[in-house]
Amino acid sequence: MTTLDTTTPGSTPLGTAPGQPSDYSLGTSTSEYERLRYQAQIWESATERALDRIDVKPGSRCLDAGSGPGVTMRQLAQRVGSQGQVVGVDVDEVLGRVSLERLHADGHRQCEFYAHDLLDDKPIPGAPYDVVYARLVLFHLPRRVEVLARLWDAVAPGGHLVVHDYDLTAAGTAPALPSVAAVGDLVLDSFRAAGCEVRAGVLLPRWFGEAGVGAPDGTDVAGQLDRLADAARMFEQVSRSLLPVAIARGVTTESAAEELLGRLRDAAAADPERPTLWPLLLASWKRKDA
């Protein structure tokens with residue numbers, strides 16, 4: 001198995017001074033890290049379906065761009081086996097370190113992590129890879145097409161690029177509830193104020209073309225239908241993670257947000273079984289010619 005050159009420009013090997021992301025709109029609190037792990041677990045089956053479509057082989061070298069809590073790194077490691085390699089890169093070195101420790105503790109020694117900012121005009125550590133995967137990355141970033149082109153450059157001939165991203169506008173209840181709709185508006189307005197693209201998943205095929213990747217070989221749409229009692233907790237966690245940005249950008253005030261979240265909790269208590277749809281998770285993938 002090939003190992004990374006720890007002097008790769010633009011990368012920070014595990015064990016150096018910890019870094020924190022500066023532009024991530026949801027923050028880096030312990031509660032946000034737990035929310036990220038839960039979110040990643042919710043979408044494991046959607047990720048497996050996309051990986052099935054590109055047929056990840058044992059022994060492959062894979063990159064998880066924006067690896068976060070390491071859940072997808074684990075899925076890739078299970079597919080490539082001990083003779084393969086899985087590298088995670090993320091701007092948040094603290095989360096990356098914790099995730100790698102968990103993976104190693106579970107026996108996935110083929111996993112490595114490097115602190116790396118995809119917005120930097122520097123080579124992605126260890127490229128090229130047989131599989132480059134990115135979930136909920138472009139959503140948050142400026143210069144999305146530039147980053148997508150950089151990810152495509154990191155794909156080896158014959159390899160695949162797989163990208164998952166959200167359409168946040170799909171989330172809500174049936175029938176609609178004013179309190180849930182108002183929380184949804186707060187989330188959408190806060191993300192937009194932070195420069196995020198709330199329909200990133202729908203735009204992936206267009207961005208593939210603009211980045212020089214070409215039309216996707218395939219696409220997929222995944223949803224999560226929940227009961228309001230459970231989904232309301234997710235909505236509240238996202239709202240609280242966004243609250244510093246929302247207040248700083250003038251989207252809401254702390255008192256107004258607390259009143260709104262109180263209404264959300266009341267609605268969930270009054271009708272806990274009301275069907276509630278999460279944001280849709282959309283995938284696009286492309287094979288690079290050998």
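Each remark here, short or long, concerns the structure printed above.
Now for a look at the structure at hand. (Residues numbered from 1 in each chain as written. Predicted model: local features only at pLDDT ≥ 70, side-chain atom pairs only at ≥ 80, totals over all residues. Heavy atoms only, no water.)

Focus: the environment of Gly 212
By secondary structure assignment, the location of Gly 212 is in the loop between helix H7 (200-210) and strand E8 (218-222). A residue is classified by how much of its surface remains accessible, and Gly 212, at 56% relative accessible area, is exposed. With 63 residues separating them along the chain, Gly 212 and Ala 149 place their C-alpha atoms 6.7 Å apart. (Helix = DSSP H or I, 4+ residues; strand = E, 2+ residues; numbered from the N terminus. Buried < 20%, exposed > 50% of the residue type's maximum accessible area, 1.4 Å probe, protein only.)

Examining the nonpolar core
Nonpolar side chains in soluble globular proteins tend to be buried together. Formed by 60 residues in total, the largest nonpolar core has its most connected members in Trp 43, Leu 63, Val 132, Leu 148, Leu 151, Leu 161 and Phe 191. By residue number, the principal contributor to this core is helix H8 (residues 228-248), which donates eight residues. Every residue in contact with Val 132, bar those within four places of it in the chain, is listed here: Leu 63, Leu 151, Ala 154, Val 155, His 160, Leu 161 and Val 162. Within the second largest apolar cluster, 20 residues are counted, among which are Ala 50, Met 73, Phe 113 and Val 131. (Core = buried A, V, L, I, M, F, W, Y, C linked by side-chain atoms within 4.5 Å. Contact = heavy atoms within 4.5 Å.)

Looking at the packing of helix H2 (residues 44-54) against helix H3 (residues 71-80)
Between H2 and H3, whose axes approach to 11 Å, the crossing angle comes to 40°. With respect to H3, the element H2 is oriented oblique. The handedness of the crossing between H2 and H3 comes out as right-handed. Contacts between H2 and H3 pair Glu 44, Thr 47, Glu 48, Leu 51 and Asp 52 from the former with Val 71, Thr 72, Gln 75, Leu 76 and Arg 79 from the latter. For the contact of H2 with H3, a count of residues per class yields three nonpolar, three polar and four charged. (Axes fitted to C-alpha atoms, helices over the stretch in contact; angles between N-to-C directions. Parallel < 35°, antiparallel > 145°, perpendicular 65-115°, else oblique. Left-handed = near helix turned anticlockwise from the far one by under 90°. Nonpolar A, V, L, I, M, F, W, Y, C, P; charged D, E, K, R; others polar.)

Topic: the pattern of salt bridges
This model, assessed by the stated rule, comprises 20 salt bridges. A salt bridge links Asp 220 to Arg 49; its shortest N-O distance comes to 2.8 Å. In this pair, Asp 220 sits in strand E8 while Arg 49 sits in helix H2, placing the two residues 171 residues apart along the sequence. Overall, Arg 49 belongs to the partly exposed group, its relative accessible area being 35%. With a shortest N-O distance of 3.8 Å, Arg 150 and Asp 121 are connected by a salt bridge. Taken as a pair, Arg 150 in helix H5 (residues 144-153) and Asp 121 in the loop between strand E4 (111-115) and strand E5 (129-135) lie far apart in primary sequence, 29 residues in all. (Salt bridge = Lys/Arg side-chain N within 4 Å of Asp/Glu carboxyl O.)

Observations concerning the sheet that holds strand E7 (residues 172-173)
The strand order E7-E10-E9 describes an open sheet built from three strands, whose pairing is antiparallel. Both outer strands of the open sheet, E7 and strand E9 (225-227), are each paired with one neighbouring strand and no more. The pairing of E7 with strand E10 (residues 275-277) spans two bridges and is classified as antiparallel. Its bridge partner lying in E10, Thr 173 is registered against Thr 276. Across the sheet, H8 is in contact with E7, E9 and E10; its angle to E9 comes to roughly 100°. (Pairing = 2+ DSSP bridges.)

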